[in-house]
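The chain contents come next:
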Amino acid sequence: IRILLIPVFAVLFYKQEYGWAILTLVLSGLSDFFDGKIARKFNQISALGKMLDPVADKLTQVTLAVLLFVSFNQAQDATLKAFSWVFLIFIGKEAFMVVFSVFMLILNLRPCAAEIFGKLSTFAFYFIMIVIVAFGPEIGWLKDVFQLPPVLMMILVVVSAILTIVALISYIPDTLRQFKEKFGKK
């Protein structure tokens, strides 16, 4: 469901139907939450689900980061325009993880599952990006009711970017352990 919601979200965002875009993101997040809860409760965890869940997360995050990068890159405000590059951090992290996961699979290793830092950074990313789509300068759906000051928006995005980098770093110990077990001296 989340993968199918990605183009719906993208089209709504592109058409500046930000309220519907936010609703689509919230539905996507809720389906992720309940899918995981239901799968664990009823022992319905599958190999396909383990593969599709991170794919859906990555596709959604990349789509959201690309759309916000493009939006802020076209902003009237020069500061927002200059700040747009920060969204490339999210795109770069996800691209790196996909490429490195494929590399691990080729070596017959298992890409690491998300731990607490990954879950925290994903939650923060979605929360902050929804706040930006709702109240962000120049694009916010409800910016006429309340508009995030640009500095506060930038701080929130930087916090999310830092959490994203910390999450990426948190995968290193398990990855190194797997490489050591497979290729270390016997």
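An account of the accompanying structure is given in this report. The structure displayed is predicted, hence computed values, not measured ones.

Pairing is possible between side chains that carry opposite charge, provided their charged atoms lie close to one another. Taken as a whole, this structure holds eight salt bridges when the rule is applied. The salt bridge involving Glu94 is made with Lys58; its shortest N-O contact spans 3.1 Å. Here the residue Glu94 occupies a position in helix H5 (residues 87–106), and Lys58 occupies one in helix H3 (residues 47–73), the gap between them amounting to 36 residues. One salt bridge connects Arg110 with Asp174, and the closest N-O pair in it is separated by 3.7 Å. Linking Arg110 in the loop between H5 and helix H6 (116–135) with Asp174 in helix H8 (residues 172–183), this pair joins segments that are 64 residues apart in sequence. Look at Arg110 and you get partly exposed, because its relative accessible area is 45%. Given a relative accessible area of 22%, Asp174 falls into the partly exposed group. Sharing partners across several salt bridges, the network here consists of Arg2, Asp32, Asp53 and Asp57.

Before going further, it helps to examine empty space enclosed by the protein. Scanning the entire structure with this criterion turns up one cavity of 30 Å³ or more. Taken together, Arg2, Leu5, Ile6, Phe9, Thr24, Leu25, Ser28 and Thr60 make up the lining of the largest cavity. Sorting the residues of the lining of the largest cavity by element identifies helix H1 (2–14) and helix H2 (18–41) as the ones contributing at least two each. Residue contributions to the lining of the largest cavity peak at four residues, all from H1.

Okay, the nonpolar core next. Grouped together as the largest cluster of nonpolar side chains are 33 residues, with contacts concentrated most on Phe13, Leu68, Met129, Ile132 and Val157. Where this core is concerned, the elements lending two or more residues are H1, H2, H3, helix H4 (78–83), H5, H6 and helix H7 (150–170). With eight residues, H6 is the single largest residue contributor to this core. Ignoring any residue separated from it by four or fewer positions in sequence, one finds Met129 in contact with Leu64, Leu68, Phe87, Phe90, Val157 and Ser160.

At their nearest, the axes of H2 and H3 sit 12 Å apart, and the two run at 160 degrees to each other. The angle between H2 and H3 falls in the class roughly antiparallel. Of the two elements, H2 crosses H3, and the hand of that crossing is left-handed. Contact residues: H2 offers Leu25, Ser28 and Asp32, while H3 offers Asp53, Asp57, Thr60 and Leu64.

Another point: the packing of H5 against H8. Where H5 meets H8, the axes come as close as 12 Å, and the angle between the chain directions of the two elements is 25 degrees. Put simply, H5 runs roughly parallel to H8. Crossing hand, H5 versus H8: left-handed. In this structure, H5 contributes Phe100, Phe103 and Met104 to the contact, and H8 contributes Thr175, Gln178 and Phe179. Across the contact of H5 with H8, the residue classes tally to four nonpolar, two polar and no charged.

What counts and what doesn't
Residues numbered from 1 in each chain as written. Predicted model: local features only at pLDDT ≥ 70, side-chain atom pairs only at ≥ 80, totals over all residues. Heavy atoms only, no water. Salt bridge = Lys/Arg side-chain N within 4 Å of Asp/Glu carboxyl O. Helix = DSSP H or I, 4+ residues; strand = E, 2+ residues; numbered from the N terminus. Buried < 20%, exposed > 50% of the residue type's maximum accessible area, 1.4 Å probe, protein only. 1 Å grid on protein atoms, 1.4 Å probe; cavity = no way out; pocket = protein on both sides within 12 Å on 5 of 7 lines; lining within 4 Å. Points joined across faces, edges and corners; volume = space filled by probe spheres on them. Core = buried A, V, L, I, M, F, W, Y, C linked by side-chain atoms within 4.5 Å. Contact = heavy atoms within 4.5 Å. Axes fitted to C-alpha atoms, helices over the stretch in contact; angles between N-to-C directions. Parallel < 35°, antiparallel > 145°, perpendicular 65-115°, else oblique. Left-handed = near helix turned anticlockwise from the far one by under 90°. Nonpolar A, V, L, I, M, F, W, Y, C, P; charged D, E, K, R; others polar.

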